[in-house]
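Observations on the three-dimensional arrangement
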Amino acid sequence: MGKWEENVRRCVPYVAGEQPDRKNMIKLNTNECPYPPAPGVERARREMDTDSFRLYPNPDVKPLVEALAEYYHVKPSQVFVGVGSDDVISMAFMTFFNGTKPILFPDVTYSFYDVWADVYRIPYRTVPLDENWRIRPEDYRQENGGIIFPNPNAPTGVYEPLDKVEEIIRSNPDVVVMVDEAYIDFGGESALPLLEKYENLLVVQTFSKSRAMAGMRIGYCIGNEKLIGYLNDVRFSVNSYTMNRPAQILGVEAVKDDAYFKATTAKIIATRERVKGELKKLGFTFPDSKANFIFASHAAKPAKEIFQALRNADIFVRYWDKPRINNSLRITVGTDEEMDKLIEFLKNYLAE
Ligand SMILES: *Cc1c(COP(=O)(O)O)cnc(C)c1O
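Sequence positions are assigned chain by chain, starting from 1 and proceeding in written order. For a predicted model such as this one, the threshold for reporting local features is a pLDDT of at least 70, and the threshold for listing and counting side-chain atom pairs is 80 or more; totals across whole chains, interfaces and linings nevertheless cover every residue. Calculated side-chain values reflect all of the structure's heavy atoms, with hydrogen atoms and water omitted.

So, the environment of Ala38
In plain terms, the rule: Numbered from the N terminus, helices here are DSSP runs of H or I no shorter than four residues, and strands are runs of E no shorter than two. Relative accessibility under 20% of the residue-type maximum defines a buried residue, over 50% an exposed one, and the middle range a partly exposed one, all with a 1.4 Å probe and only protein chains included. Whether two residues are in contact is decided by their heavy atoms, any of which lying within 4.5 Å being enough.
Structurally, Ala38 is set in the loop between β1 (26-27) and α1 (39-46). Take Ala38: its relative accessible area is 5%, and that puts it in the buried class. On a C-alpha basis, the gap between Ala38 and Leu279 in space is 30 Å, while along the polypeptide they are 241 residues apart. Discounting residues that sit within four places of it in the chain, Ala38 has contacts with Glu253, Ala254, Asp257 and Tyr260.

Brief notes about the pairing of strand β8 (residues 219-223)
Residues in a regular strand project their side chains so that they alternate between the two faces of the sheet. This is how the line gets drawn: Two strands qualify as a pair provided DSSP detects at least 2 bridges between them.
Along β8, 5 of the 5 residues are buried, which leaves the element largely enclosed by surrounding structure. The two faces of β8 match: Gly219, Cys221 and Gly223 on one face and Tyr220 and Ile222 on the other face are all buried. Taken together, the 4 bridges between strand β2 (residues 79-82) and β8 define a ladder with antiparallel strand orientation. Looking at the pairing, Val79 lines up with Ile222 of β8.

Observations concerning the environment of Glu66
By the secondary structure assignment, Glu66 is in helix α2 (residues 62-72). Expressed as a C-alpha distance, the spacing of Glu66 and Met216, which sit 150 residues apart in the sequence, is 18 Å.

Focus: empty space enclosed by the protein
Heads up, the condition is: A cavity, in this analysis, means grid points on a 1 Å lattice covering only the protein atoms where a 1.4 Å probe fits yet has no way out; a pocket is instead an open set bounded by protein on both sides within 12 Å along at least five of seven lines, and a residue lines either one if it has an atom within 4 Å of a point. Grid points are joined across faces, edges and corners, and a volume is the space filled by probe spheres set on the points. Amino acid classes used here: Ala, Val, Leu, Ile, Met, Phe, Trp, Tyr, Cys and Pro are nonpolar; Asp, Glu, Lys and Arg are charged; the rest, including Gly, are polar. Domain segmentation is taken from an automatic or database assignment of domains.
As enumerated under the stated definition, the model contains 1 cavity of 30 Å³ or more in all. Estimates place the volume of the largest cavity at around 60 Å³. Pro36, Pro37, Ala38, Ser210, Arg211, Ala212, Ala254, Tyr260, Phe261 and Thr264 are the residues that line the largest cavity. Element by element, the count of residues in the lining of the largest cavity is highest for helix α8 (residues 258-281), at 3 residues. Grouping the constituent residues of the lining of the largest cavity by class yields 7 nonpolar, 2 polar and 1 charged. Residues lining the lining of the largest cavity come from more than one domain, with at least three contributed by each of domain 1 (18-36 + 259-351) and domain 2 (39-256).

Observations regarding the sheet that holds strand β9 (residues 284-285)
What counts, and what does not: For helices, the axis comes from a line fit to the C-alpha atoms of the stretch in contact; other axes are also lines fit to C-alpha atoms, and the angle between any two N-to-C directions lies between 0 and 180 degrees.
Spatially, 4 strands are ordered β9-β10-β13-β12 in an open sheet, and the strand pairing comes out antiparallel. Two strands close off the open sheet at either side, each with one partner strand: β9 and β12 (318-319). The sheet contact formed by β12 and strand β13 (residues 329-332) spans 2 bridges and is antiparallel. Bridged to Tyr319 within β13 is Leu329. Taken strand by strand, helix α10 (residues 336-351) contacts β9, β10 (293-298) and β13, and its axis lies near 145 degrees from that of β13.

Concerning the domain arrangement of the protein chain
A common way to express how large an interface is: the accessible area buried when the components associate. Just so we agree on the cut-off: Here the quantity called buried area is the accessible surface, traced with a 1.4 Å probe, that two parts lose on coming together, added over both.
Split by domain assignment, the protein chain resolves into domain 1 (18-36 + 259-351) and domain 2 (39-256). One C-alpha centre belongs to domain 1, the other to domain 2, and the line joining them spans 26 Å. On the domain 2 side, the residues contacting the 26 residues of domain 1 number 29 residues. Overall, the association of domain 1 and domain 2 removes approximately 2100 Å² of surface from exposure, summing both partners, and the carbon and sulfur fraction of that is 65%. Summed over the three residues of domain 1 that lose the most area to domain 2, namely Phe261, Lys290 and Arg324, the buried surface amounts to 34% of that side.

Observations regarding the nonpolar core
Note the following rule: By nonpolar core we mean a set of buried residues, namely Ala, Val, Leu, Ile, Met, Phe, Trp, Tyr and Cys, connected to one another through side-chain atoms within 4.5 Å.
Ranked by size, the top nonpolar core spans 54 residues in total, and within it Leu64, Leu68, Val81, Leu201 and Phe207 carry the most contacts. Of the residues forming this core, the biggest block, 6 residues, is contributed by α2. For this core, the two domains that each supply at least three residues are domain 1 (18-36 + 259-351) and domain 2 (39-256). With residues up to four places along the chain from it excluded, the contact list for Phe207 reads Leu64, Leu68, Ala212, Met213, Ala214, Ile218, Tyr220, Gly251, Ala254 and Val255. If you look at the next biggest cluster of nonpolar residues, it comprises 27 residues, including Val88, Met91, Phe93 and Leu231.

Digging into the side chain of Glu253
Within the secondary structure layout, Glu253 lies in helix α7 (residues 245-256). For Glu253, the residues in contact, after removing those within four places along its chain, are Ala38, Gly40, Val41 and Ala44.

Here is the structure:
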């Protein structure tokens, strides 16, 4: 080992779902939207002035921050935008989880949280979900340096009603509580209204799932002005120009078209509910999902085998060989056509 290696920040990176490049594949492994972004996004892309690319983008991401503030009825000073919510959450870990007590998050959850905690040397403790994959708010009444959980949770899809979310926030006034709402637009109720009551709440959302723009990398969080101010201080101490010009322009277009947004999420919800019935008929069980995916296991066939069989047929879903979840598949809700092909395949495969 070279001496220089002693000074390396060692970390175990997050493993993202694969992005295979196969013709006619059915991609249900990373919770992307199966429909294109709002039509205004394509229009704005065509009209984009590439000469402006010479110039740095607006460091305050002003038009996008303002569009989001208007949409969610908050002040622009309460909105922070980043390069996907991964960037937003990572910045928020650095900013708010700077104490010595362990931060808390569920044992089964978004597998990036422990990676960020490790890379920033933040102590953490995982809190087991109950046997039905539910969060028990009383478990979050232990000493901690901060809390984060997704609602709906990933990869389970389980949504916790707002009174439970509020209970966790209310009993933790001395730390920042982050609610990661990557999937909130698929049927849950956002914690945003609670911002009026709690200055320690940060609500994180993303354009990647419900707004069909994973490739543009746009995420944001909304919170008390003071929280957002601290977050901006850290961001401007790391990189002033995180959001590139196209993302800033196209993001605004996505926010502007609320009718398209609502129609798209409604379609995905309808497909999800139909697929729940089909999967049940095939002998799958799953917690009720309020996200754009279903976390399913089969009584007779191990998830790992189904995963492989699907993969061989160019149908990609997500599987983790991890405690508690190694017999479940996370299946993104695609178009009706894609889901019909999935169901058809499973029907034949399970009958073999
Ligand atoms: C997808 C996802 C994110 C990150 O999405 P971005 O593409 O970085 O905005 C964050 N949290 C959860 C729970 C997710 O599933």
